[in-house]
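# Structural features, examined
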Amino acid sequence: AQSVTQLDSQVPVFEEAPVELRCNYSSSVSVYLFWYVQYPNQGLQLLLKYLSGSTLVKGINGFEAEFNKSQTSFHLRKPSVHISDTAEYFCAVSGPGGQAGTALIFGKGTTLSVSS
Amino acid sequence: GAGVSQSPRYKVAKRGQDVALRCDPISGHVSLFWYQQALGQGPEFLTYFQNEAQLDKSGLPSDRFFAERPEGSVSTLKIQRTQQEDSAVYLCASSLAWGSQETQYFGPGTRLLVL
């Protein structure tokens, strides 16, 4: 069975500071990895995804993530955050062997709070 | 273009009532998913459709939950005899094709409160 662990439930940070949101996954097979962002009262929006190839993935809004197979991690980073980045961030995994062929399995989320 | 839409956005139901939640996926999207998101948690898979075929319903928590997508576009999630533990946000997502690599596009969700 696959699972996702987001290591921090809340991450407070000051504007223009760098941030890293940590995600570890568990799977016995190859997986695809995703980061989604959820703004208040809105649906989830894809930030980036890793399917194969280069382990450094760049996404929207200046975010990037690095896939590390040996550490089974997919941490999300941004070098300089803005107030508007305040939101809930979800790491997710999908792939063969999951509970459904294509369903996403999500972590519990990390609340990023950016203050001035 | 239009994204995934869901209605109603908010629903308050008395315990024991039946509710129906609607999802309009992006036009032409083959795959449609329903997820349940409890307060402070990540979304959890409920069921999956490929066109009109319900290929996986392993995440439905009980036989009170029923989903359909009769014409391969709009989908309805029905909950019979609602219970307080059904209170959650119900998210619908669609993707263009079948496959784990496909990006899922999410609607804004329906927030269900069962009193």
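Structural notes, computed from the coordinates. (Residues numbered from 1 in each chain as written. Chains lettered and ligands numbered in written order. Predicted model: local features only at pLDDT ≥ 70, side-chain atom pairs only at ≥ 80, totals over all residues. Heavy atoms only, no water.)

## Concerning the packing of aromatic side chains
Quick reminder of the rule: Under the pairing criterion, centres of Phe, Tyr and Trp rings, with the six-membered ring standing for Trp, must be within 6.5 Å; the plane angle then separates stacked pairs below 30 degrees from edge-to-face pairs above 60, leaving the rest tilted. By definition, any uninterrupted DSSP run of H or I lasting at least four residues is a helix, any uninterrupted run of E lasting at least two residues is a strand, and each is numbered from the N terminus.
Per the stated rule, a full pass over the model turns up 14 aromatic pairs over all chains. For the ring pair F90(A) and F106(A), a centre distance of 6.2 Å and an interplane angle of 90° mean the geometry is edge-to-face. Of this pair, F90(A) sits in strand β10 (residues 87-94) while F106(A) is found in strand β11 (residues 105-106), placing the two residues 16 residues apart along the sequence. Three or more aromatic residues joined by ring pairs make a cluster, and in this case those are F34(A), Y36(A), F90(A), F106(A), F33(B), Y35(B), F45(B), Y48(B) and F106(B).

## Section: the state of the cysteines
The cut-off we apply is this: Note that a disulfide, as used here, is simply two cysteine sulfur atoms within 2.5 Å. Burial here depends on accessible area, computed with a 1.4 Å probe over protein chains only, as a share of the maximum for the residue type. Under 20% is buried, over 50% is exposed, and the range in between is partly exposed.
Under the counting rule described, the total for this entry stands at 2 disulfides over all chains. Residue pairing for C23(A): its cysteine sulfur links by disulfide to C91(A), the two sulfurs lying 2.0 Å apart. Disulfide C23(A)-C91(A): torsion about the S-S bond near -65°, hence left-handed. Of the two residues, C23(A) sits in strand β4 (residues 23-26) while C91(A) sits in strand β10, which places them 68 residues apart along the sequence. A single burial state applies to C23(A) and to C91(A), both of which are buried. Across the disulfide from C23(B) sits C92(B); the S-S distance is 1.8 Å.

## Details of the interface of chain A and chain B
Our working rule: We call two residues in contact when some of their heavy atoms are within 4.5 Å. Simply put, the buried area is the total loss of 1.4 Å probe accessible area from both parts when two parts are fitted together. Throughout this description, the term salt bridge denotes a Lys or Arg side-chain nitrogen within 4 Å of a carboxyl oxygen of Asp or Glu. Under this definition, polar contacts are N or O atom pairs within 3.5 Å; protein pairs additionally need one hydrogen-donor-capable and one acceptor-capable atom, and for neighbouring residues in sequence, both atoms have to be side-chain atoms. Each residue is assigned to one class: nonpolar for Ala, Val, Leu, Ile, Met, Phe, Trp, Tyr, Cys and Pro, charged for Asp, Glu, Lys and Arg, and polar for all the others, Gly among them.
Opposite the 24 residues of chain A that make contact, chain B presents 25 residues. Across the interface of chain A and chain B, roughly 1,800 Å² is buried in total on both sides, 52% from carbon and sulfur atoms. Across the contact surface, chain A and chain B share 0 salt bridges. At the surface where chain A touches chain B, the tally comes to 6 residue pairs in polar contact (both at pLDDT 80 or more). Among the secondary structure elements, those contributing two or more residues to the side of chain A that touches chain B are β5 (32-38), β6 (44-50) and β10 of chain A. Here the element with the most residues in the side of chain A that touches chain B is β5(A); it accounts for 4 residues. Its residues assigned to classes, the side of chain A that touches chain B shows 12 nonpolar, 10 polar and 2 charged.

## Some remarks on the pattern of salt bridges
Here the idea is simple: oppositely charged side chains can pair when their charged atoms come close. Counted under the stated rule, the structure contains 8 salt bridges over all chains. When the shortest N-O distance is used, the salt bridge between E64(A) and K58(A) registers 2.8 Å. With relative accessibility at 22%, the residue E64(A) sits in the partly exposed group. For K78(B), the salt bridge goes to E68(B), with nearest N and O atoms at 3.4 Å. Here E68(B) lies in strand β7 (residues 65-68) and K78(B) lies in strand β8 (residues 75-79), a separation of 10 residues in the sequence.

## A word on the sheet that holds strand β3 (residues 19-24) of chain B
Residue and element names in this part refer to chain B. Using the following cut-off: Strands were regarded as paired on the criterion that DSSP finds at least two bridges between them. Structural elements are reduced to axes, namely lines fitted to C-alpha atoms, with helices fitted over the stretch in contact, and the angle between N-to-C directions of any two is expressed from 0 to 180 degrees.
An order of β1-β3-β8-β7 is seen for the 4 strands of this open sheet, with the pairing classed as antiparallel. Lying at the two open borders of the sheet, with one neighbouring strand each, are β1 (5-7) and β7. Put simply, the sheet's adjacent strands are angled 15° from each other on average, direction ignored. Inspection of the sheet shows β3 paired to β8 by 5 bridges, in the antiparallel sense. Bridge pairing in β8 links C23 to S75.

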